[in-house]
Amino acid sequence: MATKKTFEENLASVKQYRAQVAARGVKNIINGQRVDGASGKTFTTSSPIDNSIICNVAEGTAADIDLACQAAWDAFPAWAALDGKTRRDILYRYAALIEENAERISLLESLDTGQPIRFMAKAALRGAANFRFFADRAEGAQDGLTLPTNDHLNYTVRTPIGPVGVITPWNTPFMLSTWKIAPALAAGCTVVHKPAELSPVTAQILTELGLEAGLPPGVLNLVNGYGETVGKALTEHEHIKAIAFVGESYTGSLIMQQGAPTLKRVHFELGGKNPVIVFADADLDRALDAAIFMKYSLNGERCTSSSRLLVETSVYEDFTNRLAERVKKIKVGNPLDPATEVGPLIDAGHLSKVQSYVDLAVEEGATKTSGGGMPANCDAGNYINPTFVKDANPSMRIAQEEIFGPYLTAMPFETEAEALEIANGVKYGLTAYIWTKDVTRALNMAHKVEAGMVWVNSQNVRHLPAPFGGVKNSGIGRDGGDYSFDFYMETKNICIAMGEHSISKLGAD
Ligand code: NAD
């Protein structure tokens, strides 16, 4: 089960798990075999807690991608032909194994990413829930529609598209990977997974548990390495029929170009600069809790985070002052401490990017109430004080660009129309959060705001059958429920004549 232990107990457990990982390293897993990269090269992954090296990681190349894609290609016909019930049973075993290993996964994820254990404990369990959810639907995934006319019967069936590539980011890698891999396997696709080079530790566990659960060799393969080399080779490979990608918008556009010669189907979950819009009539206490949670949980390294706070002028000062006080009290520290609310950022490069936006806020003329710099209780690692900046102008870079850290930018609005204009005035469109007790206004805003997902009087609460994805530069396609199967499967229409309908006779006279 997931960890509910004390800081000291977590440190002791991590020491043991870390020693195992250091001894084994992270390797590629191709055709059921745990192997070194073809070049023999390795790189290292470090812990954001103190930037100490956790272990060596096999550095894949295009040659490894070739082997993995061939394995996925060879394994595809048999896996696709299995009946859904058999696939379901294997995925159920997979979910159970994830649960049995949830503590190890959670603690190693926390060590490798810097994400606080209070959130990561649930991430492993959510990963297991993803497998169960899609396992339950494996049997019915092929079902289509019946579309009769007077003289013909049209009906549709779905078949798995083929081997697919899954490319994931570093922020919450385990849970995000299960979100892609579970429906792909349930649909009957085989998979080559390329995890982020900055946090590869739990992807190896995920693949190994799949083999232990009974996935045949080649059904789920893992190749580690850099985006520009292995990621690129995966998106270009002729055996790969679709790419499910989670990461930055710019990388998405590269993948689209790389996949164009082989006509890849793509599904992109990209960046965001999501608004939380608070009207004066809202339950302001709940809105405050949600706005803080949606920006400062998961270190703010969260695609759905509410990074722009829009507050109606009449309550703006009071709301932002209360928020500023709360942000100053957020507990920053070692992510393995259950009391920690914000941990260290993924690496020194990302830390300096977030810090540069703290400096930029002052340059751009906004008001910084807190943030930036190393917290007093931390002496090493990629820690930064949670940042809150108010009185921003919507056109400032701090109000336009994705910062992807514990950093919230606030600005006032006078009217519903102005709130909409500000909310929609960015290139992204992933989520929006609206707080008001006025149902008419909530509906109007929800329909007009440019976002793939809107929550009204709520933080991000995920319902697995509901569609997940963004508009504009935030993504293409939807995950969740049947939407995932639509991506990983082809729909075929079959049309049968039911009688002797007319057929034009050419050349008959
Ligand atoms: P990134 O785009 O830098 O990297 C993501 C993955 O793509 C990594 O595995 C990387 O190695 C690989 N990659 C890089 N270049 C590539 C290339 N040319 N071809 C193929 N693969 C390549 O993103 P990141 O910094 O790891 O993650 C942070 C970003 O992810 C943020 O923008 C965040 O908003 C986004 N994200 C979005 C969602 C969502 O659901 N919309 C969820 C989580 C994270």
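These figures come from a predicted structure and were not determined experimentally. (Residues numbered from 1 in each chain as written. Predicted model: local features only at pLDDT ≥ 70, side-chain atom pairs only at ≥ 80, totals over all residues. Heavy atoms only, no water.)

Engineer: Explain the overall build of the protein chain to me, using residue names and the numbers behind them.
Structural biologist: On a plain count of helices and strands, the protein chain comes out with 15 helices and 22 strands. Here the protein chain has a C-alpha radius of gyration of 24 Å; the compact-globule value for 509 residues is 23 Å, and the two agree. Seen through its C-alpha atoms, the protein chain measures out along the principal axes to roughly 85 × 60 × 40 Å. Within the protein chain, buried positions represent 56% of all 509 residues. Put simply, 75% of the contacts in the protein chain that link residues at least 6 apart link residues at least 24 apart. When the accessible surface of the protein chain is split by element, carbon and sulfur atoms take 53% of a total near 20300 Å². Treating the 48 positive side-chain charges of the protein chain as one cloud and the 58 negative ones as another, the clouds have centres 3 Å apart. (Helix = DSSP H or I, 4+ residues; strand = E, 2+ residues; numbered from the N terminus. Rg over C-alpha atoms; globule rule 2.2 N^0.38 Å. Buried < 20%, exposed > 50% of the residue type's maximum accessible area, 1.4 Å probe, protein only. Contact = heavy atoms within 4.5 Å. Areas by Shrake-Rupley, 256 points an atom, 1.4 Å probe, with all protein chains shown as cover. Lys, Arg positive; Asp, Glu negative; His and termini not counted. Charge placed at Lys NZ, Arg CZ, Asp CG, Glu CD.)

Engineer: Outline the site of the ligand, supporting the account with residue identities and numerical values.
Structural biologist: In the neighbourhood of the ligand, 29 residues make up the surrounding shell, with Lys194, Glu197, Thr251, Leu270 and Glu402 lying closest. A distance of 2.6 Å separates an oxygen atom of the ligand from a polar side-chain atom of Thr251. Here an oxygen atom of the ligand sits 3.0 Å away from a polar atom, N or O, in the side chain of Glu269. Secondary structure elements with two or more residues in the shell around the ligand: α8 (227-236), β10 (242-246) and α9 (249-259). Tallied by class, residues from the shell around the ligand come to 15 nonpolar, 8 polar and 6 charged. Each of two domains, domain 1 (2-270 + 474-493) and domain 2 (275-456), supplies a minimum of three residues to the shell around the ligand. (Near = heavy atom within 4 Å. Polar contact = N/O pair within 3.5 Å; in protein donor to acceptor, adjacent residues only side chain to side chain. Nonpolar A, V, L, I, M, F, W, Y, C, P; charged D, E, K, R; others polar. Domains from an automatic or database assignment.)

Engineer: Help me get a handle on the nonpolar core, residues and values and all.
Structural biologist: If you look at the biggest cluster of nonpolar residues, it comprises 100 residues, and the most contacted ones within it are Tyr94, Phe131, Leu185, Val278, Leu309 and Leu323. Taken together, domain 1 (2-270 + 474-493) and domain 2 (275-456) each give at least three residues to this core, which thus spans both. Counting residues in hydrophobic clusters, the runner-up holds 19 residues, among them Ala71, Ala233, Phe245 and Leu270. (Core = buried A, V, L, I, M, F, W, Y, C linked by side-chain atoms within 4.5 Å.)

Engineer: Please set out the pattern of salt bridges residue by residue, giving values where relevant.
Structural biologist: In total, this model carries 22 salt bridges according to the counting rule given. The salt bridge involving Arg24 is made with Glu208; its shortest N-O contact spans 2.6 Å. Taken together, the positions of Arg24 in helix α1 (residues 7-24) and Glu208 in helix α7 (residues 201-213) put the pair 184 residues apart, joining distant regions of the chain. A salt bridge links Glu197 to Lys194; the nearest nitrogen and oxygen atoms lie 3.1 Å apart. Residue classification places Glu197 among the partly exposed positions, given a relative accessible area of 22%. Shared partners join several salt bridges into a network, and the residues in it are Lys85, Arg88, Asp89 and Glu139. (Salt bridge = Lys/Arg side-chain N within 4 Å of Asp/Glu carboxyl O.)

Engineer: Could you give me a rundown of the packing of helix α3 (residues 84-100) against helix α5 (residues 117-136), with the residues and numbers involved?
Structural biologist: Remark: α3 packs on α5, axes separated minimally by 8 Å, with the N-to-C direction vectors making an angle of 170°. Viewed along their axes, α3 and α5 adopt a mutual orientation that is roughly antiparallel. Where α3 abuts α5, its residues Arg88, Leu91, Tyr92, Tyr94, Ala95, Ala96, Ile98 and Glu99 lie against Ala124, Leu125, Gly127, Ala128, Phe131, Arg132, Ala135 and Asp136. In terms of residue class, the contact of α3 with α5 is built from 11 nonpolar, 1 polar and 4 charged. (Axes fitted to C-alpha atoms, helices over the stretch in contact; angles between N-to-C directions. Parallel < 35°, antiparallel > 145°, perpendicular 65-115°, else oblique.)

Engineer: Please give an account of the sheet that holds strand β5 (residues 146-148) that cites residues and values.
Structural biologist: Across the sheet, which stays open at both edges, the 3 strands sit in the order β5-β6-β22 with antiparallel pairing between neighbours. Looking at which strands have only one partner, the edges of the open sheet turn out to be β5 and β22 (489-497). On average, each strand axis in the sheet is tilted by 20° relative to the strand beside it, whichever way the strands run. Pairing of β5 with strand β6 (residues 152-160), which is carried by 3 bridges, proceeds in the antiparallel orientation. Residue pairing across strands places Pro148 opposite Leu153, the latter belonging to β6. (Pairing = 2+ DSSP bridges.)

Engineer: Before we move on, could you go through unusual backbone geometry and cite the residues and values that matter?
Structural biologist: A positive phi angle is found at Leu298, which is not glycine, with a value near 50°. Position of Leu298 among the secondary structure elements: in the loop between α10 (284-296) and β13 (308-312). Exposure remark for Leu298: the relative accessible area of 14% places this residue in the buried category. A positive phi is found at Asn457, a non-glycine position, where the angle reads about 55°. Inspection of the secondary structure puts Asn457 in the loop between β19 (453-456) and β20 (471-472). The class for Asn457 is partly exposed, based on a relative accessible area of 31%.

Engineer: Describe in detail the domain arrangement of the protein chain, supporting the description with residues and values.
Structural biologist: We note that the domain assignment places domain 1 (2-270 + 474-493) and domain 2 (275-456) within the protein chain. Spacing between the C-alpha centres of domain 1 and domain 2 amounts to 30 Å. Contact residues are listed per partner, giving 30 residues for domain 1 and 31 residues for domain 2. Between domain 1 and domain 2, roughly 2500 Å² of surface is buried when both sides are summed, and carbon and sulfur atoms account for 61% of that area. On the domain 1 side of the interface with domain 2, the three residues burying the most area are Ile49, Trp170 and Ser474, jointly 23% of the side's total. Between domain 1 and domain 2 we count 0 salt bridges in total. Listing elements by their share of the side of domain 1 that touches domain 2, those giving two or more residues are α1, α4 (102-113) and α5. A breakdown of the residues in the side of domain 1 that touches domain 2 according to their chemical character gives 13 nonpolar, 12 polar and 5 charged. (Buried area = accessible area lost by both parts, 1.4 Å probe.)

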